[in-house]
Amino acid sequence: DVLSAPWVSPGALVQFKTGESDVVGIDKQTGIVTLRDNFISRVALSAYTVCETLSDSVEAAPNLLPFVDDVDLGNIHGLQFQQTGTQLLVQVYANVADSRLINYQLEILLDVNVFRATSCVAGIVDGFTCTINDPFERVKMIASDPLSLVSGPLVLL
């Protein structure tokens with residue numbers, strides 16, 4: 001482990017870089033990675049010798065969980081959106097922390113030149129209803145359950 005060797009300062013032999021520093025930050029000398037944002041594809045994280053004769057990379061899928069009182073569309077792990085065949089399943093999660101989620105209304109705007117909504121599936125809050133393609137570029141998800149005890153950082157809407 002060259003970074004913990006007491007006889008050499010960090011960054012003297014090996015340095016680090018990323019292809020998308022605004023999405024995944026990486027300390028050039030220590031290699032400490034900071035996830036800053038979601039991104040549409042995998043991002044290369046690279047280590048290389050200072051003389052650039054040796055290098056290696058690994059790809060990471062930048063995918064943040066929703067902040068408290070926020071929602072996030074897409075997968076929890078891996079790439080945020082992953083197409084299977086001609087279908088793209090878009091899961092929607094809310095972070096309500098320790099609060100109870102008893103109702104919500106969420107509108108999702110689609111680029112109709114790329115996507116078309118074909119169905120909605122209820123999450124874990126009762127009283128779910130969904131309107132798609134009315135208007136064509138909009139999906140509206142609504143649920144209301146005054147008796148709901150649903151809470152947590154990843155509530156499937």
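The following paragraphs examine the structure supplied in this document.

Thoughts on the overall build of the chain
A count of helical and extended segments in the chain gives zero helices and eleven strands. For the chain, the α and β elements follow one another from N to C terminus as β-β-β-β-β-β-β-β-β-β-β. In terms of overall size, the chain is more extended than a compact globule, its C-alpha atoms giving a radius of gyration of 21 Å where 157 residues would be expected to give roughly 15 Å. Dimensions of the chain, computed from the C-alpha atoms along their principal axes, are close to 65 × 40 × 20 Å. Of all 157 residues assigned to the chain, the portion counted as buried reaches 28%. Sequence separation of 24 or more characterises 49% of the internal contacts of the chain that already satisfy a separation of 6 or more. Element-wise, carbon and sulfur atoms account for 54% of the exposed surface of the chain, whose accessible area totals about 10,200 Å². Charge separation in the chain, taken as the distance between the mean sites of 8 positive and 18 negative side-chain charges, equals 3 Å.

Details of the sheet that holds strand 7 (residues 92-95)
The three strands lie next to each other as 6-7-11, forming an open sheet whose pairing is antiparallel. Each edge of the open sheet carries a strand with a single partner, namely strand 6 (70-73) and strand 11 (155-156). Relative to strand 11, strand 7 runs antiparallel, the two sharing two bridges. Among the inter-strand pairings, Y93 is bridged to a residue of strand 11, identified as L156.

As for unusual backbone geometry
Between D134 and P135 the backbone carries a cis peptide bond, its omega angle lying at 5 degrees. When you line up the elements, P135 lands in the loop between strand 9 (129-132) and strand 10 (138-144). With a phi angle near 65 degrees, D69 is a residue other than glycine that sits in the positive phi range. Among the secondary structure elements, D69 is positioned in the loop between strand 5 (55-60) and strand 6.

Examining the pairing of strand 7
In strand 7, alternate side chains face the same way, and those of V92 and A94 on one face and Y93 and N95 on the other are all buried. Inspection of the sheet shows strand 6 paired to strand 7 by four bridges, in the antiparallel sense. Bridging across to strand 7, L73 finds its partner in V92.

Topic: the nonpolar core
Counting 15 residues, the largest nonpolar core has L101, Y104, L106, M141 and L157 as the members making the most contacts within it. Here L157 is in contact with V71, V92, Y93, A94, L101, Y104, L106, V121, A122, G123, F128 and M141, once residues within four sequence places are set aside.

With respect to the sheet that holds strand 4 (residues 43-49)
The strand order across the open sheet built from three strands is 1-4-5, with neighbouring strands paired in antiparallel fashion. Strands with a single pairing partner mark the edges of an open sheet, and in this sheet they are strand 1 (14-18) and strand 5. Across this sheet, the average inter-strand angle for adjacent strands is 20 degrees, counted without regard to direction.

What to know about the packing of aromatic side chains
Considering all chains together, one arrives at zero aromatic pairs under this definition. The residue whose ring lies beneath K17 is Y48, and the NZ or CZ to ring-centre distance is 5.1 Å.

Some thoughts on the pattern of salt bridges
Think of it this way: side chains of opposite charge can pair up when their charged atoms draw near. Summed over the entire model, instances satisfying the criterion amount to three salt bridges. Between E107 and R138 there is a salt bridge, and its shortest N-O distance comes to 2.7 Å. Here E107 is found in strand 8 (residues 103-109), whereas its partner R138 is found in strand 10, with 31 residues between them in sequence. For R138, a relative accessible area of 24% gives the class partly exposed. We note a salt bridge from K140 to E107, for which the minimum N-O separation is 3.5 Å. One end of the pair, K140, is in strand 10; the other, E107, is in strand 8, and 33 residues separate them in sequence. A relative accessible area of 28% means that K140 is categorised as partly exposed. Salt bridges sharing common partners tie together E107, E137, R138 and K140.

Definitions and cut-offs
Residues numbered from 1 in each chain as written. Predicted model: local features only at pLDDT ≥ 70, side-chain atom pairs only at ≥ 80, totals over all residues. Heavy atoms only, no water. Helix = DSSP H or I, 4+ residues; strand = E, 2+ residues; numbered from the N terminus. Rg over C-alpha atoms; globule rule 2.2 N^0.38 Å. Buried < 20%, exposed > 50% of the residue type's maximum accessible area, 1.4 Å probe, protein only. Contact = heavy atoms within 4.5 Å. Areas by Shrake-Rupley, 256 points an atom, 1.4 Å probe, with all protein chains shown as cover. Lys, Arg positive; Asp, Glu negative; His and termini not counted. Charge placed at Lys NZ, Arg CZ, Asp CG, Glu CD. Pairing = 2+ DSSP bridges. Core = buried A, V, L, I, M, F, W, Y, C linked by side-chain atoms within 4.5 Å. Axes fitted to C-alpha atoms, helices over the stretch in contact; angles between N-to-C directions. Phe/Tyr/Trp six-rings, centres within 6.5 Å; stacked < 30°, edge-to-face > 60°. Lys NZ or Arg CZ within 6 Å of the ring centre and 35° of its normal. Salt bridge = Lys/Arg side-chain N within 4 Å of Asp/Glu carboxyl O.

What is shown is where atoms sit, not what they do.
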